[in-house]
Amino acid sequence: MTIVQFLIVGIALFSFGLYGVITRKNAVLVLVSVELMLAAVNINMVTFDVYLQDALHQGQIFSLFIIALAAAEVGIGIAIVLMIYRNRQSADVDELNLMKG
Amino acid sequence: MTVSISEFFREAANWGFLAIALPTLYAGWRTVTSNNIVRAVLYLVVSLGGTAALFFMLGAPFVGWTVVLVYIGAVIILFLIGIMITRAPLGVEAVLSHDRSVKAPAALLSTVMFGVVTWALLDAFSNEAIAPFEPTDTTELGFLIFDRFVIPFEVVSFVLLAALIGGIALARMDAEPPE
């Protein structure tokens, strides 16, 4: 196994996530795309952890922290989307133009 | 130690890798392009399952199982609840993505990003092989978290607590506007 094959899967998933964040209209799907990007970052972390044979396993531990923070981010994100939906009757990011001059 | 293309395909583990990576990438692509919102989330399950399988391949079973439990078990449920509560548009007619004027620059941006980073990776590591490794001992990982990394661990606990309280405060149905 080479190191590059794992890293390329990671960057491909990250690019897909980036594409999704820009193109998706629905706020829940924007969060889904962000999750895809975070999963791609985790692949990078674990791959480098194995490649460098780190005695402290910092890559794996950091990816565990990323997973925990991603869970927190989704919880808050969904709560915010819920509030927006309750106030505007829509979860469409295009219609959130209250702050537009 | 480098690996040529023919050597790459002679190694049995690499066929396993391709069998995991290709469905993962396909599911990732469908996650951001699918016109059905529930299907997009279910493709995310496949994609995250693929990343968990890659972690098992890399000898990181604890991280792999954490992905299965936290992402596939909890986060996906949150997404499905979010979809149901916000009455997201369902069916084939639903418009979930922007039109071509946004898609074209987004595709260009992500393609350029993929190209540049892939070029940089190939330039830096070319076809360097990963040295043989043993699967990470979960006991060892636990000792490291609660010894060397105990303060970051506690900080993450506080972040989760703050997120929990914030989520409850935001989503309460009977929230009164402040006087």
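We now turn to the structure provided with this report. (Residues numbered from 1 in each chain as written. Chains lettered and ligands numbered in written order. Predicted model: local features only at pLDDT ≥ 70, side-chain atom pairs only at ≥ 80, totals over all residues. Heavy atoms only, no water.)

1. A few points about the overall build of chain A
Link 1 in the chain: Along the backbone of chain A there are 3 helices and 0 strands.
Link 2 in the chain: Counting from the amino terminus, chain A carries its helices and strands in the arrangement α-α-α.
Link 3 in the chain: Taking 13 Å as the expected radius of gyration for a compact globule of 101 residues, we find that chain A reaches 17 Å, considerably beyond that expectation.
Link 4 in the chain: In terms of principal-axis extent, the alpha carbons of chain A reach across some 50 × 25 × 20 Å. (Helix = DSSP H or I, 4+ residues; strand = E, 2+ residues; numbered from the N terminus. Rg over C-alpha atoms; globule rule 2.2 N^0.38 Å.)

2. Some thoughts on the interface of chain A and chain B
By a widespread convention, an interface's size corresponds to the accessible area lost as its parts come together.
Link 1 in the chain: Taken together, the contact pairs 69 residues of chain A with 89 residues of chain B.
Link 2 in the chain: Considering only the surface of chain A that becomes buried against chain B, Met 1, Tyr 19 and Arg 24 of chain A emerge as the three largest contributors, covering 11% of it.
Link 3 in the chain: Counting across the chain A and chain B interface gives 0 salt bridges.
Link 4 in the chain: Summed over the shared surface of chain A and chain B, the result is 15 residue pairs in polar contact (both at pLDDT 80 or more).
Link 5 in the chain: For the side of chain A that touches chain B, the residue count by class is 48 nonpolar, 16 polar and 5 charged. (Contact = heavy atoms within 4.5 Å. Buried area = accessible area lost by both parts, 1.4 Å probe. Salt bridge = Lys/Arg side-chain N within 4 Å of Asp/Glu carboxyl O. Polar contact = N/O pair within 3.5 Å; in protein donor to acceptor, adjacent residues only side chain to side chain. Nonpolar A, V, L, I, M, F, W, Y, C, P; charged D, E, K, R; others polar.)

3. Here we look at helix α1 (residues 3–23) of chain A
Link 1 in the chain: For α1 of chain A, spanning 21 residues, the distance from its first C-alpha to its last is 31 Å, which sits close to the expected 30 Å at 1.5 Å a residue.
Link 2 in the chain: Counted residue by residue, α1 of chain A has 17 buried out of 21 residues, so it is predominantly covered. (Expected span 1.5 Å × (residues − 1). Buried < 20%, exposed > 50% of the residue type's maximum accessible area, 1.4 Å probe, protein only.)

4. Side note on the nonpolar core
Link 1 in the chain: Formed by 65 residues in total, the largest nonpolar core has its most connected members in Phe 6 of chain A together with Phe 79 of chain B.
Link 2 in the chain: Of the residues forming this core, the biggest block, 12 residues, is contributed by helix α2 (residues 27–52) of chain A.
Link 3 in the chain: In this structure, Phe 6 of chain A is in contact with Met 1, Ile 43 and Thr 47 of chain A together with Phe 17, Leu 54, Met 57, Leu 58 and Ile 130 of chain B, ignoring residues within four places of it in sequence. (Core = buried A, V, L, I, M, F, W, Y, C linked by side-chain atoms within 4.5 Å.)

5. A closer look at the packing of helix α3 (residues 58–88) of chain A against helix α6 (residues 138–145) of chain B
Link 1 in the chain: Packing of α3 of chain A against α6 of chain B brings their axes to within 11 Å, and their N-to-C directions diverge by 70°. One element, α3 of chain A, and the other, α6 of chain B, form an angle in the roughly perpendicular class. On α6 of chain B, the residues touching Gln 60, Ile 61 and Leu 64 of chain A of α3 of chain A are Leu 141, Leu 144 and Ile 145 of chain B.
Link 2 in the chain: When the residues that make up the contact of α3 of chain A with α6 of chain B are grouped by side-chain class, the tally is 5 nonpolar, 1 polar and no charged. (Axes fitted to C-alpha atoms, helices over the stretch in contact; angles between N-to-C directions. Parallel < 35°, antiparallel > 145°, perpendicular 65-115°, else oblique.)

6. As for the side chain of Ser 33 of chain A
Link 1 in the chain: Structurally, Ser 33 of chain A can be placed in helix α2.
Link 2 in the chain: Taking the relative accessible area as the measure of exposure, Ser 33 of chain A reaches 1% and is therefore buried.
Link 3 in the chain: With residues near it in sequence (within four places) discarded, Ser 33 of chain A still touches Gly 17, Gly 20, Val 21 and Arg 24 of chain A together with Val 32 of chain B.

7. Here's the deal with a nonpolar patch on the surface
Link 1 in the chain: Residues Phe 158, Leu 161, Leu 164, Ile 165 and Ile 168 of chain B make up a contiguous nonpolar surface patch of about 530 Å² in total accessible area.
Link 2 in the chain: With respect to the helices, strands and loops of the structure, Leu 161 of chain B is situated in helix α7 (residues 150–171). (Patch = residues over 30% accessible without salt bridge, like charges linked within 9 Å, V, L, I, M, F, W, Y side chains within 5 Å. Areas by Shrake-Rupley, 256 points an atom, 1.4 Å probe, with all protein chains shown as cover.)

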